Amino acid sequence: MENKKKVAFYTLGCKLNFSETSTIARSFEGEGFERVDFEELADVYVINTCSVTDNADKQFKQIVKKALKINDKAFVAAVGCYAQLKPEELASVDGVDLVLGATEKFKITDYLNDLTKNEQGEVHSCEIADADFYVGSYSIGDRTRAFLKVQDGCDYKCTYCTIPLARGISRSDALENVLHNAAEISKQGIKEIVLTGVNIGDYGKGEFGNKKHEHTFLDLVQALDKVEGIERLRISSIEPNLLKNETIDFVAQSRTFVPHFHIPLQSGSNDILKLMKRRYLREVYIDRVENIRKVMPHACIGVDVIVGFPGETDEHFLETYHFLNDLDISYLHVFTYSERDNTEAAEMGNVVPMNVRNKRSKMLRGLSVKKRRAFYESQIGTTRTALFEGENKEGYMYGFTENYVKIKTPWNPELVNQLCLVELSHIDDDGSVKAVMNYEL
């Protein structure tokens, strides 16, 4: 009997990439491949790339080296955003055999009839205007929670961002298909589904290949809340101008949606928001945060912010710092601005020196630690529902409450992938919250 060919995957970047890697992996399994961990010997290594940060670009070469160290005869394929933006650059990396752009990545098994290594990486990419069709994806079996892709691409023209160039126009999965996939995920015993996309608040645009909205994001949320078998739904990053107050109100009384929002801000200065061509001003952001707090005082609110954007003076940065310090939010994801080819921002003057960018980034990361601790302290003594993960870390297991407090409790294999009532006791030395099982309720 012929041995099965083995394939391994490495994913860089966002939750959306994880959902797509999982879908691509299932296509390999359908062709008779056996999926193994990236650290194991495989015949094919697939790297799903990202272009949002410099680090993701630089990591690519290291990951290729890692794969070839395990098996120097392995076939190495690159897919994803960086593969679309700079295919020739990836193809020239020593050991890379195949580079597939935005429209080709889901057809990867069609290109693997011959796994002989190539002297030069073979490129199959497209004009990004051709990426106008939708391919549904979801992750299963990788983690305690599943990532369900509901939307792809973006029509926004933020001056720092390459994602529209890497993923194309905004387009959505059909509502019926999203509901079907959500039900399929829940049948696998997965307790939490995270909705993901490039710009999920724009859901409904391009649902059936046309530009108008057949459904809205609120329609999607309301329909998912009725799907039987789903226990917990979480909304990933959503633009403040697209997070309508009606959606906030619905989540507050929803059966399945949890009180956790991640809302990109990028800057607390209206001057910088205008330079970035964001579609809101800080006043809109304040309104969204205040509305969440009004109906869900215990909600977790995460914020994306970029420091060191061209033209960001010390005054602009301090405006952002004080804005965030005064805002009732729970944590920050801080990004140090990095120039990306073919973006407006890369051509702008008043470039902020890298040492200044790094200093500002450090200040905001410190603020994030302070904000998260204050949020965790506000939750001490409350009873929450926790979903525990399956790793034994020095006698403890970790999980997250519905409002995204990271908790720990002594290892008990019976609690893995279970939703449990817990009382939040105190903040431990590692920054997580010690949880006590609540068997009474």
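Data block above holds the structure.
Let me begin by describing the structure that accompanies this report.

On to the sheet that holds strand 7 (residues 145-149), then. Pairing in this open sheet of three strands is parallel, and the strands run 7-10-11 from one edge to the other. Edge strands, defined here as strands with exactly one partner in the open sheet, are strand 7 and strand 11 (232-235). In this sheet, neighbouring strand axes are inclined to one another by 25° on average, regardless of whether the strands run parallel or antiparallel. With four bridges connecting them, strand 10 (residues 192-196) and strand 11 associate as parallel partners. Across the sheet, the residue bridging to Leu-195 is Ile-235, located in strand 11. Lying on the sheet, helix 1 (residues 15-30) is in contact with strand 7 and strand 10; it crosses strand 7 at an angle near 90°.

On to the side chain of Glu-192. Checked against the element boundaries, Glu-192 lands in strand 10. Take Glu-192: its relative accessible area is 0%, and that puts it in the buried class. A polar atom in the side chain of Glu-192 sits 2.9 Å from the side chain of Arg-145. Leave out the neighbours within four places in its chain, and Glu-192 touches Thr-144, Arg-145, Ala-146, Arg-232, Arg-234 and Leu-387.

Here strand 4 (residues 75-80) lies mainly inside the structure; six of its six residues are buried. Burial along strand 4 is two-sided: Phe-75, Ala-77 and Val-79 facing one way and Val-76, Ala-78 and Gly-80 facing the other are all buried. Taken together, the six bridges between strand 3 (residues 44-49) and strand 4 define a ladder with parallel strand orientation. For Ile-47, the partnering residue across the bridge sits in strand 4 and is Ala-78. Sheet analysis places strand 4 next to strand 5 (residues 98-100), joined by two bridges and oriented parallel. Bridge pairing in strand 5 links Ala-77 to Leu-98.

Take the packing of helix 11 (residues 314-326) against helix 12 (residues 354-379) next. For any two helices packed against each other, one specifies the inter-axial angle together with the distance between the axes. Where helix 11 meets helix 12, the axes come as close as 11 Å, and the angle between the chain directions of the two elements is 5°. Relative to helix 12, helix 11 is oriented roughly parallel. Every residue of helix 12 that contacts helix 11 at Asp-314, Phe-317, Tyr-321, Leu-324, Asn-325 and Asp-326 is listed here: Arg-360, Met-363, Leu-364, Leu-367, Lys-370 and Lys-371. Counted by class, the contact of helix 11 with helix 12 contains six nonpolar, one polar and five charged residues.

Per the counting criterion, the structure on display carries 28 salt bridges. Note that Arg-232 and Glu-192 form a salt bridge whose closest N and O atoms lie 2.8 Å from each other. One end of the pair, Arg-232, is in strand 11; the other, Glu-192, is in strand 10, with 40 residues separating them in the sequence. Of the two residues, Arg-232 and Glu-192, both sit in the buried class. Residue Lys-408 pairs with Asp-428 through a salt bridge whose shortest N-O separation is 2.7 Å. With Lys-408 in strand 17 (residues 406-410) and Asp-428 in the loop between strand 18 (419-427) and strand 19 (433-437), the pair connects residues that are 20 residues apart, well separated along the chain. The exposure class assigned to Lys-408 is buried, which follows from its relative accessible area of 6%. Because the salt bridges share partners, they merge into one network encompassing Glu-20, Lys-105, Lys-149, Asp-152, Arg-167 and Arg-171.

With parallel pairing, the six strands of this open sheet are ordered in space as 2-1-3-4-5-6. The open sheet terminates on both sides in strands that have one partner only, identified here as strand 2 (34-36) and strand 6 (122-124). Geometrically, the sheet is characterised by an average inter-axis angle of 20° between neighbouring strands, direction not taken into account. The strands that helix 1 touches are strand 1 (6-11), strand 2, strand 3 and strand 4; relative to strand 1, the one it contacts most, it runs at about 175°.

A few words now on the packing of aromatic side chains. One pass over the full model with this rule turns up 11 aromatic pairs. Pairing Phe-9 with Phe-28 gives two aromatic rings, centres 5.5 Å apart and planes at 80°, and the pair type is edge-to-face. Placement of the pair is Phe-9 in strand 1 and Phe-28 in helix 1, with a sequence separation of 19 residues. We classify Phe-28 as buried; its relative accessible area is 0%. With a centroid separation of 6.3 Å and 50° between ring planes, the pair formed by Phe-375 and Tyr-376 is classed as tilted. Of the residues examined, Phe-375 reaches a relative accessible area of 7% and is grouped as buried. One aromatic cluster is present, formed by Phe-9, Phe-28 and Phe-33 through successive ring pairs. When the ring centre of Tyr-398 is taken as origin, the NZ or CZ atom of Lys-393, which lies over that ring, is 5.5 Å away.

What follows is about the nonpolar core. Judged by nonpolar contacts, the single largest core of 51 residues is most densely connected at Leu-148, Leu-195, Leu-220, Ile-292, Leu-324 and Leu-364. For Ile-292, the contacting residues outside a window of four places in its chain are Leu-243, Ile-248, Phe-261, Ile-263, Pro-297, Ala-299 and Ile-301. Core analysis: the next-biggest nonpolar cluster, separate from the first, contains 23 residues, Ala-42, Val-64, Leu-68 and Leu-90 among them.

A word on the environment of Val-36. Within the fold, Val-36 resides in strand 2. C-alpha of Val-36 to C-alpha of Leu-148: the two residues are 112 residues apart in sequence and 22 Å apart in space. Apart from residues lying up to four places away in sequence, Val-36 is in contact with Lys-6, Val-7, Ala-8, Phe-9, Leu-41 and Ala-42.

Scoring rules and cut-offs
- Residues numbered from 1 in each chain as written.
- Predicted model: local features only at pLDDT ≥ 70, side-chain atom pairs only at ≥ 80, totals over all residues.
- Heavy atoms only, no water.
- Pairing = 2+ DSSP bridges.
- Helix = DSSP H or I, 4+ residues; strand = E, 2+ residues; numbered from the N terminus.
- Axes fitted to C-alpha atoms, helices over the stretch in contact; angles between N-to-C directions.
- Contact = heavy atoms within 4.5 Å.
- Buried < 20%, exposed > 50% of the residue type's maximum accessible area, 1.4 Å probe, protein only.
- Polar contact = N/O pair within 3.5 Å; in protein donor to acceptor, adjacent residues only side chain to side chain.
- Parallel < 35°, antiparallel > 145°, perpendicular 65-115°, else oblique.
- Nonpolar A, V, L, I, M, F, W, Y, C, P; charged D, E, K, R; others polar.
- Salt bridge = Lys/Arg side-chain N within 4 Å of Asp/Glu carboxyl O.
- Phe/Tyr/Trp six-rings, centres within 6.5 Å; stacked < 30°, edge-to-face > 60°.
- Lys NZ or Arg CZ within 6 Å of the ring centre and 35° of its normal.
- Core = buried A, V, L, I, M, F, W, Y, C linked by side-chain atoms within 4.5 Å.

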